[in-house]
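Topology and contacts: notes
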Amino acid sequence: MLKIGIIGAGYFGSMHASAIADTEGIHLSAVSRRNKNTLEQFKKKYGVKIYTDWHNLIKDPEIDTVVIATPHYLHTEIAVQTVAAGKNILLEKPIAPTMEECRIISRVVKNAAKNDRIKFMAGYINHFAKAYRAAREVISAGEIGQIVAGSSVMYKLWMQENRRPWHLERKTGGGLCLTAGMHCLDRLTWLFNEKIESVSARLGTAFHKQQADDYELMFLRYSGGLTGTITSIGYRTGVERIETEIIGTKGIMKIDMVKGVSIGRNEHWVLVPDTGSNNAMHEALINEWESFRDVIEKGGINSVPIDYAVHIMEGVF
């Protein structure tokens, strides 16, 4: 059984802990965070070892796999040292706050992987959501014909309860694009199954007093001739909308993680049964951990290898 350690036992770290508890073949053994009170809550709930210093967690001989869910600006040092410690890594997106740091992580991961010392997966959650997996199947089956273009939108409240000061500064890896908007880029690229060739974009700060961006619009050209658009808005007040549309020669597909997949033909939409979930994020995290478990133990297909993860970051930067 894999023994998991979480570095960054905060908002998303707690979501990982819940998913790990519900996944067969893995066990949450330790968590790390500077906040001792939060650590005690994790210990009480999950019976784990706690560390205020992540260095001690990666030295723990019982831990074989680490999920890094810290603030973005801490990713690189932790990832490099975790690889050196010989631990498998699930690294939350974005990989790092600069392209240079992404490439540093890529080099150390690849060097370790050559000797089969560690396994790596990036935490691009949409690859494991029921709706997006179903969408890939719809495309592969040719149900909407040849893909022509697509769009992905994310309108969401920016100042949610988990927002922290570092989210508001570009130098610490903050801003809507790196924090949430890059999901849109990942969704389109994964569904298109083509490489990003060029990006035209505008990012800015319109809704909040912060240094980092709170909106982005992108126009994308892909290597096989497809085109895509992205609109991500971190509004002050509005109504949430998070969905992706893929336009094909035989119809249009709309994807929503909660509502599921709908196919548009002959001027009306038809919902594809059993493709959405009211508990979509938790279920996707369980799928992610099941996939990573199989990569580690059985050499299964890695849905988010380092090269793909870096390519998405190239598109972002």
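Refer to the preceding data block for the structure.
The following paragraphs examine the structure supplied in this document. (Residues numbered from 1 in each chain as written. Predicted model: local features only at pLDDT ≥ 70, side-chain atom pairs only at ≥ 80, totals over all residues. Heavy atoms only, no water.)

A look at helix H6 (residues 130-140)
In an α-helix, one turn spans 3.6 residues; hence positions three or four apart end up facing the same way. Considered for burial, the residues of H6 that qualify are Ala131, Tyr132, Ala134, Ala135, Val138 and Ile139. Along H6, the residues classed as buried sweep out an arc of 155 degrees about the axis, all on the same side. Facing away from the buried side of H6 by more than 90 degrees, the exposed set consists of Glu137 and Ser140. Contacts made by the buried residues of H6 are with strand S7 (147-157), helix H7 (176-192), strand S11 (241-248), strand S12 (251-256) and strand S13 (260-265). Note on H6: the residue one or two positions beyond its end, Gly142, has a positive phi of about 75 degrees. (Buried < 20%, exposed > 50% of the residue type's maximum accessible area, 1.4 Å probe, protein only. Helix = DSSP H or I, 4+ residues; strand = E, 2+ residues; numbered from the N terminus. Arc of directions from axis to C-beta. Contact = heavy atoms within 4.5 Å.)

Points about the pairing of strand S4 (residues 65-68)
The alternating pattern of S4 places Thr65 and Val67 and Val66 and Ile68 on opposite faces, both of which are buried. Pairing analysis gives four bridges linking strand S1 (residues 2-7) to S4, with the strands arranged parallel. Bridge pairing in S4 links Ile4 to Thr65. Of the strand pairs in this sheet, S4 and strand S5 (residues 88-92) are connected by four bridges, and their pairing is parallel. The residue of S5 that forms the bridge with Val66 is Ile89. Assessed by its sense of winding, the connection that carries the chain from S4 through helix H4 (residues 75-84) to S5 is right-handed. (Pairing = 2+ DSSP bridges. Right-handed = clockwise from strand over helix to strand, strands pointing away.)

Considering the sheet that holds S7
Backbone hydrogen bonds hold the strands of a sheet together, and the pairing may be parallel or antiparallel. On the basis of which strands lie adjacent, the open sheet formed by eight strands has the order S8-S9-S10-S7-S11-S12-S13-S14 and mixed pairing. Every interior strand has two partners, whereas the edge strands, strand S8 (196-204) and strand S14 (268-271), have only one. Each strand of the sheet is rotated relative to its neighbour by a mean of 15 degrees, with strand direction disregarded. By the bridge criterion, five bridges tie S11 to S12 in an arrangement that is antiparallel. (Axes fitted to C-alpha atoms, helices over the stretch in contact; angles between N-to-C directions.)

A word on the nonpolar core
Membership of the largest hydrophobic core comes to 95 residues, with the highest contact counts inside it found for Ile95, Tyr124 and Met253. By residue number, the principal contributor to this core is H7, which donates eleven residues. Once residues lying within four places of it in the same chain are set aside, the contact partners of Met253 are Ala135, Val138, Ile139, Ile144, Thr244, Glu245, Ile246, Val261, Ser262, Ile263 and Trp269. (Core = buried A, V, L, I, M, F, W, Y, C linked by side-chain atoms within 4.5 Å.)

Some words on the packing of helix H1 (residues 11-21) against helix H8 (residues 280-298)
Relative orientation of the contacting elements H1 and H8 amounts to 70 degrees, with a least axis distance of 9 Å. One element, H1, and the other, H8, form an angle in the roughly perpendicular class. For the pair H1 and H8, the sense of crossing is right-handed. Facing H1, whose interface residues are Phe12, Met15, His16, Ser18, Ala19 and Ile20, H8 presents Met281, His282, Leu285, Ile286, Glu288 and Trp289. Each residue belonging to the contact of H1 with H8 can be placed in one class, and the counts come to eight nonpolar, three polar and one charged. (Parallel < 35°, antiparallel > 145°, perpendicular 65-115°, else oblique. Left-handed = near helix turned anticlockwise from the far one by under 90°. Nonpolar A, V, L, I, M, F, W, Y, C, P; charged D, E, K, R; others polar.)

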